[in-house]
Amino acid sequence: MDLPRTASAVVIGGGVVGCSIAYHLARRGVRDVLVVERDAVGAGTTSKAAGGIRVQFATETEIRFSLESIAVFARFREEFDVDPGYTRIGYLYLLAEERQLRAFEPRVALQTKLGCDVRVLGPDDARKLVPALRVDDLCAAVWGPSDGMAGPTEVTNAFARRARECGARIAEGVEVTALVLERGRLTGVRTSQGDVLTPLAVNAAGPAAARVGRLAGLELPVLPRRRHIFFTEPFPEIPGPVPLTSDVSSGFYFRKELEQVLLSPGDVEDIGEDTRVPMDWGKVEETVQKAVHRLPILEQARIAGGWAGLRPLTPDDHAIIGWAPGVEGFFLAVGFGGHGFQHSPATGHHVAEWLTAGRPSLDLSLFDPGRFRTGAAVHHDAADAE
Ligand SMILES: Cc1cc2nc3c(=O)[nH]c(=O)nc-3n(C[C@H](O)[C@H](O)[C@H](O)COP(=O)(O)OP(=O)(O)OC[C@H]3O[C@@H](n4cnc5c(N)ncnc54)[C@H](O)[C@@H]3O)c2cc1C
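Residues numbered from 1 in each chain as written. Predicted model: local features only at pLDDT ≥ 70, side-chain atom pairs only at ≥ 80, totals over all residues. Heavy atoms only, no water.

### With respect to the sheet that holds strand E1 (residues 9-12)
Threshold: Between any two strands, pairing holds if DSSP finds at least two bridges. Secondary structure elements follow DSSP: runs of H or I no shorter than four residues count as helices, runs of E no shorter than two count as strands, and numbering proceeds from the N terminus. For helices, the fitted axis covers only the stretch in contact; all axes are lines through C-alpha atoms, and the angles between them, taken along N-to-C directions, range from 0 to 180 degrees. A contact between two residues is defined here by any heavy atoms of the two lying within 4.5 Å.
Strand order across the open sheet formed by six strands is E8-E2-E1-E12-E19-E18, with mixed pairing between neighbours. Single-partner strands in this sheet number two, and they are strand E8 (169-172) and strand E18 (320-323). Averaged over all pairs of adjacent strands, the angle between their axes in this sheet comes to 20°, without regard to strand direction. Pairing of E1 with strand E2 (residues 33-37) involves four bridges; the strand directions are parallel. Considered in E2, the bridge of alanine 9 is made with valine 33. Where helix H1 (residues 16-27) meets the sheet, its contacts fall on E1, E2, strand E12 (201-203) and strand E19 (330-334), and the angle it forms with E2 comes to roughly 170°.

### Examining unusual backbone geometry
This is how it is decided: Partly exposed describes any residue whose relative accessible area lies between the buried limit of under 20% and the exposed limit of over 50%, with all areas from a 1.4 Å probe on protein chains only and scaled to the type maximum.
Following glycine 240, the chain continues into proline 241 via a peptide bond in cis, with omega recorded as -10°. Positionally, proline 241 belongs in the loop between strand E13 (223-232) and strand E14 (244-247). Look at aspartate 32: it is not a glycine, yet its phi comes out positive at around 60°. Checked against the element boundaries, aspartate 32 lands in the loop between H1 and E2. By relative accessible area, aspartate 32 is classed as partly exposed at 42%. Positive phi, normally seen in glycine, also occurs at leucine 258, with a value near 55°. As for its placement among the helices and strands, leucine 258 is situated in the loop between strand E15 (253-257) and strand E16 (260-264). Residue classification places leucine 258 among the exposed positions, given a relative accessible area of 76%.

### Quick look at the domain arrangement of the chain
This is how it is decided: Domain limits in this description derive from either an automatic procedure or a database domain assignment. Whenever two N or O atoms come within 3.5 Å, that pair is a polar contact, provided that in protein one can donate a hydrogen and the other can accept it, and provided that, for residues adjacent in sequence, both atoms are side-chain atoms. Residue type decides the class: Asp, Glu, Lys and Arg count as charged, Ala, Val, Leu, Ile, Met, Phe, Trp, Tyr, Cys and Pro as nonpolar, and the leftover types, Gly among them, as polar.
When cut into domains, the chain gives domain 1 (9-49 + 152-222 + 316-374) and domain 2 (87-146 + 223-310). Summarising the inter-unit geometry, the C-alpha centres of domain 1 and domain 2 are found 30 Å apart. Remark: the boundary between domain 1 and domain 2 carries three residue pairs in polar contact (both at pLDDT 80 or more). In terms of residue class, the side of domain 1 that touches domain 2 is built from four nonpolar, one polar and four charged.

### Considering the site of the ligand
Inclusion rule: Nearness is defined per residue: one heavy atom within 4 Å of the molecule or strand is enough. A 1.4 Å probe and the Shrake-Rupley method give the accessible areas. Residues count as covered only by the protein chains that appear here.
Not every one of the 39 residues close to the ligand is listed here, only the nearest: Glu37, Thr46, Gly52, Gly337 and Gln342. Between an oxygen atom of the ligand and a main-chain N or O atom of glycine 52, the distance comes to 2.7 Å. In isolation the ligand exposes 1,000 Å². Once the protein is present, 98% of that is buried. When residues of the shell around the ligand are traced back to their parent elements, those giving at least two are H1, E2, E13 and strand E17 (303-313). Residue contributions to the shell around the ligand peak at three residues, all from E17. Class assignment for the residues of the shell around the ligand results in 17 nonpolar, 15 polar and seven charged.

### Considerations on the nonpolar core
One recurring pattern in soluble globular proteins is that nonpolar side chains are buried together. Our working rule: For the purposes of this section, nonpolar cores are sets of buried Ala, Val, Leu, Ile, Met, Phe, Trp, Tyr and Cys residues that join through side-chain atoms within 4.5 Å.
Ranked by internal contacts, the top residues of the largest apolar core, which has 71 residues, are Ile21, Phe73, Phe76, Phe80, Phe159, Ile321 and Phe331. Residue contributions to this core reach at least three from each of two domains, namely domain 1 (9-49 + 152-222 + 316-374) and domain 2 (87-146 + 223-310). Contact partners of isoleucine 21, with chain neighbours within four places excluded, come to Val11, Val202, Ala333, Gly348 and Val351. One finds Ile12, Val196, Leu220 and Ile320 within the second-largest nonpolar core, a separate group that totals 28 residues.

### Things to note about the side chain of serine 66
With respect to the element layout, serine 66 can be found in helix H2 (residues 60-74). Taking the relative accessible area as the measure of exposure, serine 66 reaches 2% and is therefore buried. Contacts of serine 66, omitting those with residues within four sequence positions, involve Arg54, Val55, Phe57 and His343.

### Here's the deal with the pairing of E16
Taken across its five residues, E16 has four buried, putting it largely inside the fold. Pairing analysis gives two bridges linking E13 to E16, with the strands arranged antiparallel. Its bridge partner lying in E16, phenylalanine 231 is registered against leucine 262. For E15 and E16, the ladder comprises five bridges, and the chain directions are antiparallel. Within E16, the residue paired with lysine 256 across the bridge is valine 261.

### As for the packing of H2 against helix H9 (residues 344-357)
This is how the line gets drawn: By definition in this entry, angles of less than 35 degrees are roughly parallel, angles greater than 145 are roughly antiparallel, angles of 65 to 115 are roughly perpendicular, and the rest are oblique.
Following both chains from N to C, one finds H2 and H9 inclined at 105°, their axes separated by 7 Å at the closest point. Between H2 and H9, the crossing angle belongs to the class labelled roughly perpendicular. In this structure, H2 contributes Phe65, Glu68, Ser69, Val72 and Phe73 to the contact, and H9 contributes Pro345, Ala346, Thr347, His349 and His350. Of the residues belonging to the contact of H2 with H9, the class tally is five nonpolar, four polar and one charged.

Written out as structure tokens, the structure reads:
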């Protein structure tokens, strides 16, 4: 595709967030939307996601994002004519200490108030859900039966295809290298294939968001952190489906993927902003230790492979959505950490609404880009299972 020389909006990044935004903008009738993706659609950190989807968040805004997104996943096949592999396997949090339960209680109360099905269970009830679990060191579990999973690749490709059908263009293999600013206002983007004039650019660059922010002189606190996932050889001794089960004390989580078991040590590592994400095979030992502690039968399993990806975190674990402070025409949809995939439907909808109607219909102040400067950022105990 020849890169257009003008666009009404340029979305920087063709991951699940950028493609959802482009789709929603185009669907709302915005003409000449252009997504610029330096690699291929969905090839960024979206391709590393475990596909988990939960209502179990700590804030009303994020729970509402989840409810709205889950409704989209549930009707995805009708809206996009694609099976996203959406299944309600549930999320199960395992708690070993009373203080963890105390931290979960207000979240469960808020989730319940907002209409979510979330229950506190005793350890034996947790074992009824996953019979292979060791539960003698647990004091409770928190169970969300309506949580689940879907395929990040299927969902991203569906957003991209529908965006194109609605008139958006997606340029792959093209990198944004500079933002063109005149007196504090964005007038275009410079790319590896020339300039594009535009009054609006959306930073949806995932783990590279801070780098793209610096093109406009901004310091965005988006901190890419490495996380590993390993998978076993087929292991029918733990029959599926099982909930995505997270051991809150160790950070370890697992779920089944067909016959295999996916295992993550829950690592959070700063390896710099590099786009290459090397595997650390030393992590296998830590993962197996945590896994065998919680699922002793896994001693009989063999690790068959794994991967690592970057989760674009922020200091308070909430995304950054809104106009970039001090740069007219530059919008931010970044810092989605471990939940960018599951919140992509709601993100696309609200960003497009904000950009076309002047404001979003939901209070998005939780995501305010200026909150770190003003001290308004509040860290909620994230229990970020992914
Ligand atoms: C191991 C792991 C497990 C995860 N599990 C889950 C999960 O279970 N559930 C969940 O919801 N989330 C999960 N996540 C998080 C999820 O993957 C991310 O939050 C989400 O994919 C972010 O999407 P994005 O579109 O913002 O980023 P990306 O997919 O990285 O998209 C950004 C795109 O921007 C492009 N780009 C960057 N700079 C430029 C530039 N200058 N010019 C042009 N293009 C550029 C990149 O190539 C990239 O394709 C997980 C993440 C990891 C690492």
